[in-house]
Amino acid sequence: MANLSIPAPVETEKAAFLHDRSNRPAAPARPRSDLLKHWAGTITGIALAIGFTALLFSVRDSWENHREWLVTVIPILVIGAIAAGHLLARKQGEPLAAGIGFLLLAAIFAAADIMVDREAEPSATTQDVLSVLGGVCLGLAALSLVVALFWVELRNPTKAPEPEL
């Protein structure tokens, strides 16, 4: 009979079974490739977050009077980048289409903004319009990536791997 009065109950009659910690087999060794595969989504998401933030600062830099809207956009971008990394690791490319489209638009607006800035007398209005469009596209990209993650997880949730016993 189990002694339930102690902090960790032990059944003395069944000491040879798996619930006795001394009889449990050791965990199998994991090769580095499995470890890399396990963390691929997070690593990809962090790399994307760095790229998204660099793009955001590039878009923001063209304004003479720096509006600090990026303080609220950076956390959303990082969450969107982690969501994109997770979806890429799960090979769910179709839900990423809208987010990638908005990211491409943001990159195009940022590149156009940089090209306008290189002119001899850049137009402040053109720079502001390109910056606003780039920022809005970045925000929509992050939002659509997060929505895509929720959509995929609701329809096909991530499952834990089968135990290796």
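For clarity, every value in this text was computed on a predicted model and none was experimentally measured. (Residues numbered from 1 in each chain as written. Predicted model: local features only at pLDDT ≥ 70, side-chain atom pairs only at ≥ 80, totals over all residues. Heavy atoms only, no water.)

**Let's talk about helix 4 (residues 97-117)**
Residues three or four positions apart in an α-helix share a direction because the helix packs 3.6 residues into each turn. We apply this condition: The way it works is that DSSP assigns letters per residue, a run of H or I at least four long becomes a helix, a run of E at least two long becomes a strand, and they are numbered from the N terminus. What a helix is expected to span follows from its residue count: subtract one and scale by 1.5 Å. For each residue, the accessible area found with a 1.4 Å probe, counting protein chains only, is set against the maximum for its type, and the residue is called buried under 20%, exposed over 50%, and partly exposed in between. Throughout, the arc means the angular range of directions from the helix axis out to the C-beta atoms.
Here helix 4 is 21 residues long and its end C-alpha atoms lie 30 Å apart, about the 30 Å a rise of 1.5 Å per residue gives. If you check which residues of helix 4 are buried, you get Gly 99, Leu 103, Ala 106, Phe 109, Ala 110, Asp 113 and Val 116. Buried residues of helix 4, viewed axially, fall in a sector of 145 degrees; they line one side. Exposed residues on helix 4 whose side chains face more than 90 degrees from its buried face are Leu 104, Ile 108 and Met 115.

**Remarks on the layout of surface pockets**
Operational definition: As defined here, a cavity is a set of points on a 1 Å grid over the protein atoms alone where a 1.4 Å probe fits but cannot get out. A pocket is an open set with protein on both sides within 12 Å along at least five of seven lines, and residues line them when an atom is within 4 Å of a point. Grid points are joined across faces, edges and corners, and a volume is the space filled by probe spheres set on the points. Three classes are used, and their members are as follows: Ala, Val, Leu, Ile, Met, Phe, Trp, Tyr, Cys and Pro are nonpolar, Asp, Glu, Lys and Arg are charged, and the others, Gly among them, are polar.
In this structure, the largest pocket encloses a volume near 840 Å³. Surrounding the largest pocket, 25 residues form its lining, Arg 30, Asp 34, Lys 37, His 38 and Pro 161 being those nearest its centre. Its residues assigned to classes, the lining of the largest pocket shows 13 nonpolar, four polar and eight charged.

**Examining the nonpolar core**
A general trend in soluble globular proteins is that nonpolar side chains are found buried together. The criterion, for reference: In these notes, a set of buried Ala, Val, Leu, Ile, Met, Phe, Trp, Tyr and Cys residues joined through side-chain atoms within 4.5 Å is what counts as a nonpolar core. Only heavy atoms enter the contact rule, under which two residues are in contact if any of them lie within 4.5 Å.
Core analysis: the largest hydrophobic core is formed by 24 residues, its most contacted members being Phe 52, Leu 77, Leu 103, Leu 138 and Leu 145. Those elements that place two or more of their residues in this core are helix 2 (40-61), helix 3 (70-89), helix 4 and helix 5 (124-155). Here this core gets eight residues from one element, more than from any other, and that element is helix 5. Apart from residues no more than four positions distant in its own chain, Leu 145 is found in contact with Phe 52, Gly 80, Ala 83, Ala 84, Leu 87, Leu 96, Gly 99 and Leu 103.

**Notes on a nonpolar patch on the surface**
Threshold: Only residues whose relative accessible area exceeds 30% and that form no salt bridge enter a patch; like-charged residues are grouped when within 9 Å of one another, and nonpolar side chains (Val, Leu, Ile, Met, Phe, Trp, Tyr) when within 5 Å. Method for areas: the Shrake-Rupley scheme with a 1.4 Å probe, in which residue coverage is limited to the protein chains shown. Basic side-chain nitrogens of Lys or Arg form a salt bridge, by our definition, when they fall within 4 Å of a carboxyl oxygen of Asp or Glu.
A contiguous nonpolar patch, built from Val 132, Val 136, Leu 140, Leu 143 and Val 147 and spanning about 410 Å² of accessible area, is present on the exposed surface. Structurally, Leu 143 is set in helix 5.

**Quick look at the environment of Ile 46**
For Ile 46, the location among the structural elements is in helix 2. When its relative accessible area of 46% is taken as the criterion, Ile 46 is described as partly exposed. Through-space distance from the C-alpha of Ile 46 to that of Ala 81 is 6.9 Å; in sequence the pair is 35 residues apart.

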